[in-house]
Amino acid sequence: CFQLLYYPGTDKSCSFPSHRELGQDYRLTSDLIAYFMKHYLGDDVDNRDPRHSPLYAENLGGLPPVLLVTAGYDPLKDEGQAYVEKLQAAGTEARLSHYPGMLHGFINMPGLLDAAHEALAEGGQALKTAFRS
């Protein structure tokens, strides 16, 4: 009935500018992404296969509403925004919430970051609303 997505990977081709601009020196690096993809998908895979790169699905209509959260210093931020835009173009209710000063994984740091509390509360409220519907 609802999708709550915190900085998801939606394009395994890693072709968006944020991968080049933010793939080093931050928590989630290009090397780490490549490591995860190799172990999750193997070597011989089409990176634009919509089963693991939903951004390349032909039709994203009819999906449940989405709240997608991105972080400003995350290589995945551009593909998250593109995914929300594609969902919206398909008629799916989708909202992007961007935390500009944050890193990938910031919601795991609520003891250190006020933004983590905010993002978790935002997600909790979205789920609460969705489950009441």
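Structure's up top.
Note that this is a predicted model, so its numbers are computed, not measured.

Participant: Looking at this structure, how should I read the side chain of His-19?
Facilitator: Following the sequence through the fold, His-19 ends up in helix 1 (residues 17-22). Here Glu-79 takes part through its side chain, which lies 2.6 Å from a polar atom of the side chain of His-19. Residues within four places of His-19 in sequence aside, it is in contact with Cys-14, Ser-30, Ile-33, Pro-75, Leu-76 and Glu-79.

Participant: Would you explain the pairing of strand 3 (residues 94-103) in this entry?
Facilitator: The two faces of a sheet get side chains in turn, since along a regular strand they alternate between them. Bridge count between strand 2 (residues 66-73) and strand 3: 7 bridges; the pairing is parallel. Residue pairing in the sheet places Ala-71 in a bridge with Tyr-99 of strand 3. At this point the chain moves from strand 2, through helix 3 (residues 77-89), to the parallel strand 3, and the crossover so formed is right-handed.

Participant: Please clarify how the packing of aromatic side chains should be interpreted in this entry.
Facilitator: Centre-to-centre distance and the angle between the planes together describe a pair of aromatic rings. The final tally for this structure, using the stated rule, is 5 aromatic pairs. Measuring from centroid to centroid gives 5.9 Å for Tyr-35 and Phe-36, while their planes differ by 65 degrees, and the two rings are edge-to-face. A residue is classified by how much of its surface remains accessible, and Phe-36, at 46% relative accessible area, is partly exposed. Members of the aromatic cluster, connected to one another through ring pairs, are Tyr-6, Tyr-7, Tyr-99 and Phe-106.

Participant: So what exactly am I meant to see when it comes to the sheet that holds strand 3 here?
Facilitator: Across a sheet, paired strands are connected by hydrogen bonds in the backbone, their directions being either parallel or antiparallel. Taken together, 3 strands build an open sheet; the order of strands is 1-2-3 and the sheet is parallel. The sheet is open, and its two edges are formed by strand 1 (3-6) and strand 3, each paired on a single side. Going across the sheet, the axis of each strand differs from the next one's by a mean of 15 degrees, ignoring polarity. Here helix 3 sits on the sheet in contact with strand 1, strand 2 and strand 3, set at roughly 155 degrees to strand 2.

Participant: Just to check I follow, could you spell out helix 4 (residues 114-132) for this structure?
Facilitator: Because the α-helix completes a turn every 3.6 residues, residues three or four places apart line up on one side. In a regular helix each residue adds 1.5 Å, so 19 residues correspond to 27 Å; helix 4 covers 27 Å between its end C-alpha atoms and thus fits that length. Buried within helix 4 we find Ala-115, Ala-116, Ala-119, Glu-122, Gly-123, Ala-126 and Ala-130. Seen from one end, helix 4 has its buried residues packed into an arc of 130 degrees, which puts them on one side. Turned more than 90 degrees from where helix 4 packs its buried face, Asp-114, Phe-131 and Arg-132 sit exposed. Buried-residue contacts for helix 4 involve strand 1, strand 2 and strand 3.

Participant: Explanation requested: the nonpolar core in the structure shown.
Facilitator: Across soluble globular proteins, you tend to see nonpolar side chains buried next to one another. One finds Tyr-6, Val-69, Tyr-99, Met-102, Phe-106, Ile-107 and Ala-119 to be the most contacted residues of the largest nonpolar core, which totals 13 residues. It is helix 4 that contributes the most residues to this core, 4 residues altogether. The residues touching Ala-119, leaving out its near neighbours within four places in the chain, are Tyr-6, Tyr-99, Phe-106 and Ile-107. Of all hydrophobic cores here, the second largest spans 11 residues; its members include Val-66, Leu-68, Ala-82 and Leu-87.

Participant: Looking at this structure, how should I read a nonpolar patch on the surface?
Facilitator: Together, Leu-32, Tyr-35 and Phe-36 make up an exposed nonpolar region whose accessible area comes to about 290 Å². Within the fold, Leu-32 resides in helix 2 (residues 30-41).

Cut-off values and rules
- Residues numbered from 1 in each chain as written.
- Predicted model: local features only at pLDDT ≥ 70, side-chain atom pairs only at ≥ 80, totals over all residues.
- Heavy atoms only, no water.
- Helix = DSSP H or I, 4+ residues; strand = E, 2+ residues; numbered from the N terminus.
- Polar contact = N/O pair within 3.5 Å; in protein donor to acceptor, adjacent residues only side chain to side chain.
- Contact = heavy atoms within 4.5 Å.
- Pairing = 2+ DSSP bridges.
- Right-handed = clockwise from strand over helix to strand, strands pointing away.
- Phe/Tyr/Trp six-rings, centres within 6.5 Å; stacked < 30°, edge-to-face > 60°.
- Buried < 20%, exposed > 50% of the residue type's maximum accessible area, 1.4 Å probe, protein only.
- Axes fitted to C-alpha atoms, helices over the stretch in contact; angles between N-to-C directions.
- Expected span 1.5 Å × (residues − 1).
- Arc of directions from axis to C-beta.
- Core = buried A, V, L, I, M, F, W, Y, C linked by side-chain atoms within 4.5 Å.
- Patch = residues over 30% accessible without salt bridge, like charges linked within 9 Å, V, L, I, M, F, W, Y side chains within 5 Å.
- Areas by Shrake-Rupley, 256 points an atom, 1.4 Å probe, with all protein chains shown as cover.
- Salt bridge = Lys/Arg side-chain N within 4 Å of Asp/Glu carboxyl O.

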